[in-house]
Amino acid sequence: MNAITQINADVQKQITDAFNFRHACKLFDAERKISDGEFETILEAGRLSPTSFGHEPFRILVIQTPEKRELFRPFSWGANGMMSGTDGQLGTASHFGIILASTAETMKAGSDYLQNFYREVKYLPEDVIGMFNGAYGNFQSTDHNITTDREILDWSGKQAYIVLANMMTAGALMGIDSCPMEGFDMEKTTQVLEQEFGIDTNAWRPAVMFGFGYRAGEPAFDKTRRSVEDTVTWF
Ligand SMILES: Cc1cc2nc3c(=O)[nH]c(=O)nc-3n(C[C@H](O)[C@H](O)[C@H](O)COP(=O)(O)O)c2cc1C
């Protein structure tokens, strides 16, 4: 085995180990905090994630103030520990937050927001912007038939989930635990975000919550998955 092959074999093992290490952590050790540098790396993994058309229809809210977190407790059954009689991820995560997804207000083809985005973030010349408007318009109206407010929001939410997946893998590679959470009431979460966080909910809606930290104990269950044969089909 040459040096490069050996390095790749080591990386393959690190990746597989990280995916086996990661589990949906129900309770974190509230005393152990993730360092600023490590959490910045996790956020970078999210920010640099791929998104369809490169539109970045997401925003990451990190909620560290305990009183702010508690606002979600009454209706966040997947994060408040009610299943285990604990403080849950909400009360124990070193870092807790919500990924927001863009609504149709900004993600409808031809929106003012997208015109600015193409110019100011993507630095696209005007003729390419014209092409983008056409291709994305066609993608929404014909290819994927994503036209209603709900369909566009769901499309943004799909991108948000890629972001969170990459954040969790980045964490796992550093020995940091995490939990993705959609066990919460959408309507009430949206209300809290608008009233207590000043989020413009015409433009942003909650997609998924996250917790990062260090496990309080070992997972209650071994990881189980369908077999490779049932999961992957080669042609
Ligand atoms: C999008 C998404 C939402 C989830 N919501 C919750 C949740 O609200 N609360 C929770 O404890 N676990 C939640 N989970 C964790 C899953 O139940 C868990 O990932 C699954 O059972 C597989 O177990 P593992 O992640 O430990 O391998 C969620 C997972 C995903 C991907």
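No experiment lies behind these values; they were computed from the predicted model shown. (Residues numbered from 1 in each chain as written. Predicted model: local features only at pLDDT ≥ 70, side-chain atom pairs only at ≥ 80, totals over all residues. Heavy atoms only, no water.)

## Observations concerning the sheet that holds strand S4 (residues 204–213)
Stage number 1. Strand order in the open sheet formed by 4 strands is S1-S2-S4-S3, and the pairing between neighbours is antiparallel. Edge strands, defined here as strands with exactly one partner in the open sheet, are strand S1 (58–62) and strand S3 (177–181). Ignoring strand direction, the axes of neighbouring strands in this sheet form an average angle of 25°.
Stage number 2. As defined by bridge partners, S3 adjoins S4 across 5 bridges and the pair is classed as antiparallel. Residue pairing across strands places Met181 opposite Met209, the latter belonging to S4.
Stage number 3. Sheet strands in contact with helix H2 (residues 36–47) are S1, strand S2 (95–102) and S4, and its direction is about 165° off that of S1.
Stage number 4. This element, helix H9 (residues 186–197), spans S1, S2 and S4 of the sheet and lies at about 90° to S4. (Pairing = 2+ DSSP bridges. Helix = DSSP H or I, 4+ residues; strand = E, 2+ residues; numbered from the N terminus. Axes fitted to C-alpha atoms, helices over the stretch in contact; angles between N-to-C directions. Contact = heavy atoms within 4.5 Å.)

## Here's the deal with the nonpolar core
Stage number 1. Counting 21 residues, the largest nonpolar core has Phe72, Phe96, Ile98, Leu100, Leu193 and Met209 as the members making the most contacts within it.
Stage number 2. Mapped by element, the contributors of at least two residues to this core are S2, S3, H9 and S4.
Stage number 3. Take this core: its biggest share by element is 3 residues, from S2.
Stage number 4. With near-sequence residues (within four places) excluded, Phe96 lies in contact with Leu61, Val62, Ile63, Gln64, Arg69, Ala79, Gln89, Leu90, Met181, Met209, Phe210 and Gly211.
Stage number 5. Of all hydrophobic cores here, the second largest spans 17 residues; its members include Ile34, Phe39, Ile99 and Ala160. (Core = buried A, V, L, I, M, F, W, Y, C linked by side-chain atoms within 4.5 Å. Buried < 20%, exposed > 50% of the residue type's maximum accessible area, 1.4 Å probe, protein only.)

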